[in-house]
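So you can see what is in the structure, the chains are spelled out below.
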Amino acid sequence: MNKNILDAPFIKEMIEVTTNLYNHGWDERNGGNVSYLLDKSEVIDYLDPTKIVRNIPIPFDGEDLKGRYFVVTGSGKYFKNVQNDPACNLGVIRVAEDGQSVDLLWGYTDGGVPTSELPSHLMTHISRLSVDPTNRIVMHCHATHLLAMTFSHELDEKKFTKTLWQMCTECLVVFPEGVSILPWLIPGSIEIGKATAEKMKTTRLVIWPQHGVYGAGRNMDEVYGLIETAEKAAQVYTYVMAQGGIKQTLSVENLQRLADAFGVIPRAGYLNE
Ligand code: 2HA
Ligand code: ZN
């Protein structure tokens, strides 16, 4: 416990990703939140795990994550400001033994608390870990074109997925399981947390209509790349529609050939939608 936590790779990654999300225009004001599951061995060089700064109650059962460490963006904090003051805008927490609170070990220096979307984040971590024990990141942002598509495109998961797959050849390879879509729900609620986490058992991308997107994955690059790829497809869709609509597109046959060439299996029943 002798190193400066500002030099920790996980803090640097959080700064880099929140700055990139802000620079993309996907996290205006206090929009967006990121949580990153850390191994105890990664944090003990930088902080004393027995020194609890504060205990913060959480409004749901986090028992499945008891003892787990996370670095999480703060509630109401602006991604724009993370690089200049990481200690105020980020926090390192550990889920307490009873699962009803988290222990703050570092950060939120102005008395802050973890993101208001902590239910969606921690419930999603539980879901993802149940299907992929190497999952570490959950990321939420207000990706502009994906958000716009939730106004203009049918909110059918199969149709929405197929449209994204057809807008960029890469998409089917990057997210062969497709995207999930929730009904509109109140942000920060237990209800949206449960609904997001349930969908996250089958897809790593979950669209919140008229709000934004959630992504999950094993490392920062994977999750960021996942959201970036879907968002790019949505951007192309926006241009295509503005240019007068689709005259030709990737055929189902070519999508299947693509899947075969890259060894991925398109979600059953989604190609022929
Ligand atoms: O934390 O994006 O969904 C700000 C948000 C809420
Ligand atoms: Zn949001």
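Summary of the structure given here.

The rules behind these values
Residues numbered from 1 in each chain as written. Chains lettered and ligands numbered in written order. Predicted model: local features only at pLDDT ≥ 70, side-chain atom pairs only at ≥ 80, totals over all residues. Heavy atoms only, no water. Helix = DSSP H or I, 4+ residues; strand = E, 2+ residues; numbered from the N terminus. Rg over C-alpha atoms; globule rule 2.2 N^0.38 Å. Buried < 20%, exposed > 50% of the residue type's maximum accessible area, 1.4 Å probe, protein only. Areas by Shrake-Rupley, 256 points an atom, 1.4 Å probe, with all protein chains shown as cover. Lys, Arg positive; Asp, Glu negative; His and termini not counted. Charge placed at Lys NZ, Arg CZ, Asp CG, Glu CD. Near = heavy atom within 4 Å. Polar contact = N/O pair within 3.5 Å; in protein donor to acceptor, adjacent residues only side chain to side chain. 1 Å grid on protein atoms, 1.4 Å probe; cavity = no way out; pocket = protein on both sides within 12 Å on 5 of 7 lines; lining within 4 Å. Sits in = over half its atoms within 2 Å of the grid points. Nonpolar A, V, L, I, M, F, W, Y, C, P; charged D, E, K, R; others polar. Expected span 1.5 Å × (residues − 1). Contact = heavy atoms within 4.5 Å. Patch = residues over 30% accessible without salt bridge, like charges linked within 9 Å, V, L, I, M, F, W, Y side chains within 5 Å. Salt bridge = Lys/Arg side-chain N within 4 Å of Asp/Glu carboxyl O.

1. Examining the overall build of the protein chain
When helices and strands are counted, the protein chain shows ten helices and nine strands. Taken over C-alpha atoms, the radius of gyration comes to 19 Å for the protein chain, in line with the 19 Å a tight globule of 273 residues would show. Overall, the protein chain is about 60 × 35 × 35 Å in size when its C-alpha atoms are taken along their principal axes. The 273 residues of the protein chain split such that 55% are buried. With the model as given, the accessible surface of the protein chain reaches about 12,000 Å², and the carbon-plus-sulfur share is 50%. Distance from the positive charge centre (25 side chains) to the negative charge centre (33 side chains) of the protein chain: 1 Å.

2. Some remarks on the site of ligand 1
In the vicinity of ligand 1, the contacting residues are N30, G31, G32, N33, S116, E117, H140, H142 and H211. N30 is positioned with one of its backbone polar atoms (N or O) 3.5 Å from an oxygen atom of ligand 1. Here an oxygen atom of ligand 1 sits 3.0 Å away from a polar atom, N or O, in the side chain of N33. In isolation ligand 1 has 220 Å² of accessible area, and contact with the protein removes 88% of it. At a threshold of 2 Å from the grid points, most atoms of ligand 1 map onto the largest pocket. Split into classes, the residues belonging to the shell around ligand 1 amount to no nonpolar, eight polar and one charged.

3. Remarks on helix 9 (residues 220-242)
The terminal C-alpha atoms of helix 9, which comprises 23 residues, lie 32 Å apart, in line with the 33 Å expected from a rise of 1.5 Å per residue. Put simply, N219 is the residue that caps the front of helix 9, since its side-chain oxygen is 3.1 Å from the backbone nitrogen of D221. At the exit of helix 9 stands G244, carrying a positive phi of roughly 115°.

4. Here we look at helix 5 (residues 144-152)
For helix 5, every residue scored as buried is listed here: H145, L146, L147, M149 and T150. Against the buried residues of helix 5 lie helix 6 (157-167), strand 8 (205-208), strand 9 (212-217) and helix 9.

5. Overview of a negative patch on the surface
A cluster of acidic residues, D61, D64, E97 and D98, forms a negative patch on the protein surface. Take E97: it is sitting in the loop between strand 4 (90-95) and strand 5 (101-107). Using a relative accessible area of 57% as the deciding quantity, one classes E97 as exposed.

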